Amino acid sequence: MKKMIIHGGKRLSGELTIGGAKNSTVALIPAAILADTPVRFDTVPHILDVHNLKIILESMNVHSTFENDVLTIDPTHIEESELPSHAIKSLRASYYFMGALLGRFNRATVTFPGGDNIGPRPIDQHIKGFKALGANVVEKNDSVFISTGTEGLHGARIFLDVVSVGATINIILAAVKAHGTTTIENAAKEPEIIDVATFLNNMGAKIRGAGTDVIRIEGVDSLRARATHTIIPDRIETGTYLSLAAAIGDGILLKNVIPEHMESFTAKMLEMGVGLQINEDSIYVPRVSDLNPVRVKTMTYPGFATDLQQPITPLLLRANGNSVVIDTIYPQRTQHIAQLRKMGADIRVQDNLIVVGHSSHLQGAHVEAGEIRSGAALMIAGLIASGTTEISRADNILRGYDRVIDKLHTLGADVEIAADEIRV
Ligand SMILES: CC(=O)N[C@H]1[C@@H](OP(=O)(O)OP(=O)(O)OC[C@H]2O[C@@H](n3ccc(=O)[nH]c3=O)[C@H](O)[C@@H]2O)O[C@H](CO)[C@@H](O)[C@@H]1O
Ligand SMILES: C=C(OP(=O)(O)O)C(=O)O
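Residues numbered from 1 in each chain as written. Chains lettered and ligands numbered in written order. Predicted model: local features only at pLDDT ≥ 70, side-chain atom pairs only at ≥ 80, totals over all residues. Heavy atoms only, no water.

**Comments concerning the UniProt feature "binding site: UDP-N-acetyl-alpha-D-glucosamine" (unreviewed entry) in the chain**
For clarity, the threshold we go by: UniProt positions are given in the numbering used here, feature names are shortened, and annotations may be inferred rather than shown by experiment. Each residue gets one of three labels from its accessible area relative to the maximum for its type: buried under 20%, exposed over 50%, partly exposed in between, using a 1.4 Å probe on protein chains only. Comment: elements are numbered from the N terminus, with helices defined as DSSP H or I runs of at least four residues and strands as E runs of at least two. Any two residues whose heavy atoms approach within 4.5 Å at even a single point are treated as in contact. Side-chain atoms alone can form a polar contact between residues adjacent in sequence; in general such a contact is a pair of N or O atoms within 3.5 Å, and within protein one must be able to donate a hydrogen while the other accepts it.
The feature "binding site: UDP-N-acetyl-alpha-D-glucosamine" (unreviewed entry), as given by UniProt, occupies Arg92, Arg121, Pro122, Ile123, Asp124, Gln125, Asp307 and Ile329 in the numbering adopted here. Accessibility expressed as a relative area gives 23% for Arg121, which makes it partly exposed. Secondary-structure assignment places Gln125 in helix H5 (residues 124-132). Under the relative-accessibility criterion, Gln125 is labelled buried at 6%. If near-sequence neighbours (up to four positions away) are discounted, Gln125 is found in contact with Leu160, Asp161, Val162, Ala167 and Ile171. Here Asp124 takes part through its side chain, which lies 2.8 Å from a polar atom of the side chain of Gln125.

Written out as structure tokens, the structure reads:
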């Protein structure tokens, strides 16, 4: 494990370019094994999740190369094999190998995924979808065994009881080569789902309605890549830097942004009084003086993303009054609270709400990144704080933030990654 060391209190300025979306990338890489040709992705983020997905691919004799933001994957010699449980456990999205292997081989054995510790994360809707497509699913000894008879998967109508990004994508991956038509109702609408559907459609898949709550998939026999797929910009990385820029910036320009994906977040910042300049594919954040407190309630897309409730918190600490945060997706996603309090933040849980009060001074401290987005919140708080902040378990940040140290240096931050002390 690594630690992030921040010497805070410096105003930051300049410009940076947002990377490809982590939550698209971690679905696109498993989706690549459905292809009968090599595939290429551009603007791939340099994150630990990609590194671990490459290890999983390699275990199946799927070679990949990653150079200059371009990831090339050759699944033409894929072999069924036992997937490395350490890599599978390192990220949540390894569950996409269930749908992708099922689509490719009509069977899959995958260890239960790992990922962020943000409260219960069942996968019952994924399993319900696989079963509806005709698969037999057995959960045993921390693994999920999925198989079909010789006839393979067939199309089905699936109504999701819970709106789930992962279940929606996993069912698409399984259904894309199934016999007949699959309909997913009450599907999730996140932009990353459209990105995955676009990639598959450009290879010959027939997926309609991605981005709405009804998705129709007509199964096809073969998928062949014809062009490089450019991954959409990461809206969570964008929101994190927007928060950082408003909290401690003297003028910061974020490039490679899709402003339509950011509306719930930018609307909240405008409500706070941040004079954002929103352009076609960039957003400029000027220096901010007074900030209004706001209420943040996380919802499925296009609502305010759960993955941004922690990154916006350091900005809420600067508002002139009490803000309130309610996470309806992951109510237990509160690891940042105790850590921010160590830095002198006025943040507490009250009647199931997170109340964030005005905190005029933050002091550097030893804190722990229990998960990716609490890590992002601590990183911003550390940049604001006087003195030195050491964030242990910083791998949780590196898991999903593209070249974060380089990007912070571009803005003038004093930050580095170091090996954490060995624990016995
Ligand atoms: C790799 C990836 O894309 N991760 C994102 C994805 O996670 P992930 O796809 O795992 O999250 P889901 O959209 O599935 O979860 C949404 C809600 O549904 C519940 N649920 C989900 C599946 C299921 O079978 N049963 C069930 O009850 C979950 O507990 C949660 O309360 O969407 C989350 C919600 O936007 C984000 O925080 C994650 O960053
Ligand atoms: C929860 C997240 O990631 P994952 O689903 O990969 O654990 C996140 O990106 O905030």
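Still more to cover.
**What to know about the site of ligand 1**
Quick note on the threshold: To be near a molecule or strand, a residue needs just one of its heavy atoms within 4 Å of it. Using a 1.4 Å probe, accessible areas were evaluated by the Shrake-Rupley method; residue-level cover was limited to the displayed protein chains.
Taken together, 21 residues form the shell around ligand 1, and within it Gln125, Ser164, Val165, Gly166 and Asp307 come nearest. Here an oxygen atom of ligand 1 sits 2.7 Å away from a polar atom, N or O, in the main chain of Gln125. Take Gly166: an N or O atom from its main chain is 2.8 Å from an oxygen atom of ligand 1. Computed on the free molecule, ligand 1 has an accessible area of 730 Å², of which 87% lies beneath the protein chains in the complex. Of all the elements in the fold, those that place two or more residues in the shell around ligand 1 are helix H1 (22-31), H5 and helix H6 (165-175). If one sorts the elements of the shell around ligand 1 by residue count, H5 sits on top with 3 residues.

**Thoughts on the pairing of strand S18 (residues 323-327)**
Basically, it comes down to this: If DSSP finds at least two bridges between two strands, the strands pair.
Burial analysis of S18 places 4 of its 5 residues in the buried class, which makes it a mostly covered element. When S18 meets strand S20 (residues 353-356), the two strands line up antiparallel, connected through 3 bridges. Residue pairing for S20: Ser323 is matched across the bridge by Val356.

**Here we look at the site of ligand 2**
What counts, and what does not: Residue ranges for the domains originate in an automatic or database domain assignment.
Around ligand 2, the surrounding shell holds 11 residues, and the nearest of these are Lys22, Arg121, Arg333, Arg373 and Arg399. Lys22 is positioned such that a nitrogen or oxygen atom in its side chain is 2.6 Å from an oxygen atom of ligand 2. In the environment of ligand 2, an oxygen atom lies 2.9 Å from a nitrogen or oxygen atom belonging to the side chain of Arg399. Within the complex, 94% of the 300 Å² of free accessible area of ligand 2 lies under protein. Two domains each provide a minimum of three residues to the shell around ligand 2, namely domain 1 (2-19 + 233-419) and domain 2 (22-230).

**Things to note about the environment of Ala305**
Secondary-structure assignment places Ala305 in the loop between strand S17 (295-298) and helix H10 (313-316). Overall, Ala305 belongs to the buried group, its relative accessible area being 13%. For the pair formed by Ala305 and Glu151, sequence separation is 154 residues and the distance between their alpha carbons is 40 Å. Ala305 has contacts with Arg235, Ile236, Thr298 and Met299, leaving out every residue within four places of it along the chain.

**Here we look at the domain arrangement of the chain**
To keep it simple, the criterion reads: Buried area: the sum, over both parts, of the accessible surface (1.4 Å probe) that disappears when the two are put together. We define a salt bridge as a contact between a side-chain nitrogen of Lys or Arg and a carboxyl oxygen of Asp or Glu at a distance within 4 Å. For this classification, the nonpolar set comprises Ala, Val, Leu, Ile, Met, Phe, Trp, Tyr, Cys and Pro, the charged set comprises Asp, Glu, Lys and Arg, and every other residue, Gly included, is treated as polar.
Each assigned domain of the chain is listed here: domain 1 (2-19 + 233-419) and domain 2 (22-230). Relative placement of domain 1 and domain 2: their C-alpha centres are 30 Å apart. In this complex, domain 1 contributes 21 residues to the contact, which on the side of domain 2 involves 22 residues. Taken together, the two surfaces of domain 1 and domain 2 that pack against each other cover about 2000 Å², and 50% of this comes from carbon and sulfur. It is Tyr301, Tyr330 and Arg399 that lose the most area in domain 1 upon contact with domain 2, and together they represent 33% of the buried surface on that side. In this assembly, domain 1 and domain 2 are joined by 3 salt bridges. Among the ionic pairs, Arg399 bridges to Asp49, the shortest N-O distance being 2.7 Å. Breaking the side of domain 1 that touches domain 2 down by element, the ones donating at least two residues are helix H12 (372-384) and helix H13 (395-398). The class makeup of the residues in the side of domain 1 that touches domain 2 is 5 nonpolar, 6 polar and 10 charged.

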